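A structural walkthrough
These are the residues of each chain, in order.
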Amino acid sequence: MKIWDPLHECMPREDLEQLQLERLQATLNRVYRSVACYKKKFDEAGINPEEIRSLDDLSQLPFTTKEDLRLNYPYGMFAVPLREVVRIHSSSGTTGKPTVVGYTKNDIHTWSNLVARFMTAAGVTHDDVVQIAFGYGMFTGAFGLHYGSETIGASVIPMGAGNTEKQIMIMQDYKSTVLVSTPSYAITLASRMEQLGIDPKSLSLKVGLFGAEPWSEAMRKEIENRLFISATDNYGLSEIIGPGVAGECECKCGMHLSEDAFIAEIIDPDTGKVLPRGSVGELVLTTLTKEAFPMIRYRTRDITSLDYEKCACGRTMVRMKKTMGRSDDMLIIKGVNVFPSQIEEVLFAVEGCEPHYQIVVEREGEMDKLEVHIEVTENIFFDEMKKQKGFVEMVEKKIHSVLGVGASVKLVEPASLPRHEGKAVRVIDNRKL
Ligand code: DLL
């Protein structure tokens, strides 16, 4: 089993922790000087970055949340002038505006190497042909894996998302050996191949690198049995770097988190207290090498646990378990992050929508399906079919343009959705992962 960066990936933990501390101190000094939001946060908490002398001191620092990014939209959290930024990506915000992240030239280099690490750990080499079936665009998935593949020296096919039959044709003709996509799209590909009478064994595929959404061990087995590949998991988020935070090695017993680049903590999402090693809680990440967009104690909202036992592969980096959910209400629909508040904002701006709605998520076969049930005023509900259809189409279009993923809108009679005494139940997620 090849290791991309043995010096760092197999570092004795004592040395690793020393490196983390040095990088943390440098990062804290830098953000204090160059990011107004951090200066204010540290001053308010009475913290002088010079006084952070051990990794344990990290827990004294305030958290960073998506709300901080929203308040500092678009460039307020950048630690370098825009002229040093060579790339900008973004991710869903909880309302209206997305969160914006930036990379310097060095950041792109760091990112590419971190992705090359987990790709190598999953078994990818320079002899491979990597088909990327993530959407190219503001999403970090496609570019992250693209640059990582090139760094390894593999041949990249920047196929992009969707267009399933063409994906299969390219896979056959170009002899792709590695598939990069969401796990749910891998199942879509397998089903389409079955419908078309194509035997996956006739393809050259060996490895699948799947991420961007939660998936279970059962789903891994299904993908492996249907596509005849080794299916591996990898995790990341735009605010921290994109893909490349953590990824599985061939032992498939948790995702190695690149601790020379990030410090991981597990906290109780309700109290914010750091939990003892091995506990299940919310993952909090601090970046140690990023220039343009450093993050201190960023609350990922992902629930997981960390395993510090040494792995059979020889890597010393902690292993992150598959995520078990979120501590907020974010949904991931076909790999796209969706906050119910984004849908609410659209509905509130449309005349005729009552403030009662429900979001229903199903998994039809292997695809996520998003439905929005809206109570509408009587004149719309009893309007002629043609007008109603136009109204539905208009709302669907607005939702699609905000979320970047389609939803089917169903109009329901005024006062027909269930009312609750406590919190309204806005989301019904019927997917079984
Ligand atoms: O999804 C980055 C990424 C792209 C990771 C491609 C892996 C592969 P965001 O769009 O910012 O970034 O979404 C981040 O997606 O907080 C998790 O909730 C979820 N997520 C990402 N990877 C996994 C995974 C990318 N392997 C959010 N398992 C994160 C479960 C995942 N959830």
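Just so we're clear, the structure is a prediction, and the values are computed from it rather than from any experiment. (Residues numbered from 1 in each chain as written. Predicted model: local features only at pLDDT ≥ 70, side-chain atom pairs only at ≥ 80, totals over all residues. Heavy atoms only, no water.)

1. Observations regarding the layout of surface pockets
Any space left empty among the atoms is revealed by the rolling of a water-sized probe across them. Empty space within the second largest pocket amounts to approximately 470 Å³. Along the walls of the second largest pocket sit 21 residues, with Asp56, Ala264, Glu265, Arg277 and Tyr308 positioned nearest its centre. Secondary structure elements with two or more residues in the lining of the second largest pocket: α2 (13-34) and β10 (262-267). A per-element tally of the lining of the second largest pocket places β10 first, with four residues. Residues of the lining of the second largest pocket, tallied by class, amount to eleven nonpolar, four polar and six charged. (1 Å grid on protein atoms, 1.4 Å probe; cavity = no way out; pocket = protein on both sides within 12 Å on 5 of 7 lines; lining within 4 Å. Points joined across faces, edges and corners; volume = space filled by probe spheres on them. Helix = DSSP H or I, 4+ residues; strand = E, 2+ residues; numbered from the N terminus. Nonpolar A, V, L, I, M, F, W, Y, C, P; charged D, E, K, R; others polar.)

2. Remarks on empty space enclosed by the protein
One pass over the structure, following the stated rule, counts three cavities of 30 Å³ or more. Here the largest cavity defines a volume of roughly 90 Å³. As for the largest cavity, its lining consists of 14 residues, of which Glu9, Arg117, Phe118, His256 and Ser258 are closest to the centre. Of all elements in the fold, only α5 (105-121), β8 (242-248) and β9 (255-257) reach the threshold of two or more residues within the lining of the largest cavity. Taken together, the residues that form the lining of the largest cavity break down as seven nonpolar, four polar and three charged.

3. Things to note about the sheet that holds strand β11 (residues 281-287)
Taken together, the three strands give an open sheet; going across it, the order is β10-β11-β12, and neighbouring strands pair in antiparallel fashion. Two strands in the sheet have a free side with no partner beyond their single neighbour: β10 and β12 (298-304). The sheet shows a mean angle of 30 degrees between the axes of neighbouring strands, direction not considered. Both β11 and β12 contribute to a ladder of four bridges, which runs antiparallel. Looking at β12, one finds that Val284 is bridged to Arg299. (Pairing = 2+ DSSP bridges. Axes fitted to C-alpha atoms, helices over the stretch in contact; angles between N-to-C directions.)

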